[in-house]
Amino acid sequence: MLWIAFTLAGGNDDVTPLIAIDLAQLQRTGTLVIAGEHICAERMVTTFYARRANQPAWNATTTASLLRAIHQATEHGFDPRDYHLAAIESLRGDDPQTIAARDLLCSDAFLLLGLHLTQGRVDPVSLIAEWCITPRQLDLTAALQTALDAEDVEGVLERLAPRHEGYRRLRVALATYRDVQRSGGWPPVSSGPPLLLGDRGPRVLEVRRRLAREPMGVDPPAFPSIDSASDGFDQQLDAAVRHFQTHHALLADGVVGGATGRELNVPAADRVAQIELNMERWRWMPEHLGDSYVLVNIAAFRLDVVENDRSVLSMKTVVGKDFWETPFFLANITEIVLNPSWFVPESIADEELRPKQQRDRSFYAGQHIEVMPGGSLRQLPGPW
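Residues numbered from 1 in each chain as written. Predicted model: local features only at pLDDT ≥ 70, side-chain atom pairs only at ≥ 80, totals over all residues. Heavy atoms only, no water.

Asks: Quick rundown of the overall build of the protein? Include the residues and the values.
Replies: From N to C terminus, the protein includes 15 helices and 8 strands. Its C-alpha radius of gyration of 28 Å places the protein more than 25% over the 21 Å reference for a compact globule of 384 residues. By the burial criterion, 38% of the 384 residues in the protein qualify as buried. Within the protein, contacts between residues at least 6 apart in sequence are counted, and of these 63% link residues at least 24 apart. As displayed, the protein has an accessible area near 21400 Å², and 54% of this comes from carbon and sulfur atoms. For the protein, the distance from the average site of its 37 positive side-chain charges to the average site of its 50 negative ones is 5 Å. (Helix = DSSP H or I, 4+ residues; strand = E, 2+ residues; numbered from the N terminus. Rg over C-alpha atoms; globule rule 2.2 N^0.38 Å. Buried < 20%, exposed > 50% of the residue type's maximum accessible area, 1.4 Å probe, protein only. Contact = heavy atoms within 4.5 Å. Areas by Shrake-Rupley, 256 points an atom, 1.4 Å probe, with all protein chains shown as cover. Lys, Arg positive; Asp, Glu negative; His and termini not counted. Charge placed at Lys NZ, Arg CZ, Asp CG, Glu CD.)

Below, the structure written as structure tokens:
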């Protein structure tokens, strides 16, 4: 990695008019291309320079700090090339035209990266019309000026990233899974009959070798270590399979069947992409969720009560069908209903309950079940 020392030899009096000309074109046409790069944060760039009467903002120290931050953007799942990296590094002259161009690109890069860190690269409403969470609102132009005044561009950008524990853990996981991807991923597991405790053979060895490549310590508790030389399905492998199943929201029965086998064979590159997408979702969230909150992970069928960034209570949740889905939302909890009445799904009623009622006419009464108009079954509230 090459760090370049930039100078400001031309002086503000020579550079300021050039910045003003470029910004006038940006305001007039809505577009500005510098060194082959489009200025993306048009309004914020214009506002930032208007506040400083179009004077140049960057020096050698702050520019080098910005370049380090852009390279580190990979830690957040971003591509450094999206933040004018090559163009900024190539503008090494000290003539006024080069200085003005580099200054504008540096400002745009900071503002664009800051916007992506605080609100995400994608507007959630463009993907999910029912998204009902207000994005974080920050004055990024003020943050840019603060970063330049303190000559701490890296630090300010780092503090703009989500502070949630979930985001931090995904950031660690991203680096870990990328290491696995760079080293060739993990070996595949052949299809075949289910494998479980006590089995032996080459497919058991494949499972051991696959789980030996699973990143350890990404999602506490740490993933168990695996002896990848044995072909026996022992207690050690059983514990590792159950851990893997729990982590991937599967039935933790220790059996390597169809669903577990499919998850084991998901390429490391796909896992990296999943982590990057989930980091984006965290960036859509408010900056503060409060010291205590309930977080429902629909995909994992899991609810966590969180206090001071630690889950203190976890339980399974019921997730409805797509056409009954609840929009994403953030709201205060005003009441909790314990042991509510519930309508029995028709599949359970047909396969389990109605046959028992036909055999024993007192079954419904014993289970506190009442038959509703239309024939649906409702179980009354209570400890049962």
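Asks: Can you explain the pattern of salt bridges? Please cite residues and give values.
Replies: Summed over the entire model, instances satisfying the criterion amount to 20 salt bridges. With a closest N to O distance of 3.3 Å, Asp-139 and Arg-51 form a salt bridge. Here Asp-139 is found in the loop between helix H6 (124-127) and helix H7 (140-150), whereas its partner Arg-51 is found in helix H2 (residues 42-51), with 88 residues between them in sequence. Assessed through its relative accessible area of 40%, Asp-139 is described here as partly exposed. Note that Glu-276 and Arg-178 form a salt bridge whose closest N and O atoms lie 2.9 Å from each other. In this pair, Glu-276 is assigned in helix H13 (residues 268-283) and Arg-178 in helix H9 (residues 165-182), connecting sequence segments 98 residues apart. The exposure class assigned to Glu-276 is partly exposed, which follows from its relative accessible area of 23%. Its relative accessible area of 17% is what places Arg-178 among the buried residues. Within the structure, one salt-bridge network assembled from shared partners comprises Glu-75, Glu-158 and Arg-171. (Salt bridge = Lys/Arg side-chain N within 4 Å of Asp/Glu carboxyl O.)

Asks: Mind laying out the pairing of strand E4 (residues 302-307), listing which residues take part and the relevant values?
Replies: Alignment of strand E3 (residues 292-297) against E4, held across 6 bridges, turns out to be antiparallel. Residue pairing across strands places Val-294 opposite Val-305, the latter belonging to E4. Bridging between E4 and strand E5 (residues 310-316) involves 6 bridges; their strand directions are antiparallel. Bridge pairing links Asp-304 to Ser-314 in E5. Counting the residues in the hairpin turn of E4 and E5 gives 2 residues, including Asn-308, whose phi is positive at 50 degrees. (Pairing = 2+ DSSP bridges.)

Asks: Please give an account of the packing of helix H1 (residues 12-29) against helix H5 (residues 96-119) that cites residues and values.
Replies: In the contact formed by H1 and H5, the axes pass within 9 Å of each other and the chain directions differ by 55 degrees. Relative to H5, the element H1 lies oblique. Crossing of H1 over H5 shows right-handed handedness. Residue-level inspection shows Asp-14, Val-15, Leu-18, Ile-19, Asp-22 and Leu-23 of H1 in contact with H5, the latter providing Pro-96, Gln-97, Ile-99, Ala-100, Asp-103 and Leu-104. (Axes fitted to C-alpha atoms, helices over the stretch in contact; angles between N-to-C directions. Parallel < 35°, antiparallel > 145°, perpendicular 65-115°, else oblique. Left-handed = near helix turned anticlockwise from the far one by under 90°.)

Asks: Which residues make up the sheet that holds strand E7 (residues 369-371), and what values go with them?
Replies: Reading across the sheet, the 3 strands line up as E6-E8-E7 and stay open at both edges, with antiparallel pairing between neighbours. Strands at the two margins of the open sheet, each flanked by one partner only, are strand E6 (342-343) and E7. Summarising the sheet, E7 and strand E8 (residues 377-379) pair through 3 bridges and their orientation is antiparallel. The residue of E8 that forms the bridge with Ile-369 is Gln-379.

Asks: Kindly report on the nonpolar core, identifying the contributing residues and their values.
Replies: Core analysis: the largest hydrophobic core is formed by 65 residues, its most contacted members being Trp-58, Leu-66, Phe-110 and Leu-157. Formed by 13 residues, the second largest nonpolar core is a distinct cluster that contains Val-204, Leu-211, Leu-237 and Leu-264. (Core = buried A, V, L, I, M, F, W, Y, C linked by side-chain atoms within 4.5 Å.)

Asks: Mind laying out the sheet that holds E4, listing which residues take part and the relevant values?
Replies: The strands that make up a sheet pair up through hydrogen bonds in the backbone, lying either parallel or antiparallel. The 3 strands lie next to each other as E3-E4-E5, forming an open sheet whose pairing is antiparallel. Two strands lie at the open edges of the sheet, namely E3 and E5, each paired on one side alone. Within the sheet, the average angular offset between the axes of one strand and its neighbour, ignoring direction, is 20 degrees.

Asks: Can you lay out the side chain of Arg-203 for me, pointing to particular residues and giving the numbers?
Replies: Examined against the element boundaries, Arg-203 turns out to sit in helix H10 (residues 202-212). Here Arg-203 sits buried without a salt bridge, and the closest side chain of opposite charge, Glu-206, lies 5.1 Å off (N-O distance). Contacts of Arg-203, omitting those with residues within four sequence positions, involve Ser-190, Ser-191, Gly-192, Pro-193 and Leu-195.

Asks: Can you explain the environment of Leu-303? Please cite residues and give values.
Replies: Positionally, Leu-303 belongs in strand E4. Leu-303 sits in the buried class, given a relative accessible area of 17%. Setting aside anything within four residues of it in sequence, one finds Leu-303 in contact with Val-294, Leu-295, Val-296, Leu-313, Ser-314, Met-315 and Thr-317.

Asks: Quick rundown of H1? Include the residues and the values.
Replies: Relative to the 26 Å expected for 18 residues at 1.5 Å per residue, H1 spans 25 Å between its end C-alpha atoms, a close match to the ideal helical length. Every buried residue of H1 is accounted for by Val-15, Thr-16, Ile-19, Asp-22, Leu-23 and Leu-26. The buried residues of H1 occupy one face: seen down the axis, they fall within an arc of 135 degrees. Opposite its buried face, H1 presents the exposed residues Asp-13, Ile-21 and Arg-28, each directed more than 90 degrees away. Summarising the contacts, the buried residues of H1 are in contact with H2 and H5. (Expected span 1.5 Å × (residues − 1). Arc of directions from axis to C-beta.)

Asks: An account of the environment of Arg-168 is needed here, citing residue identities and associated values.
Replies: Along the polypeptide, Arg-168 turns up in helix H9. Under the relative-accessibility criterion, Arg-168 is labelled partly exposed at 43%.

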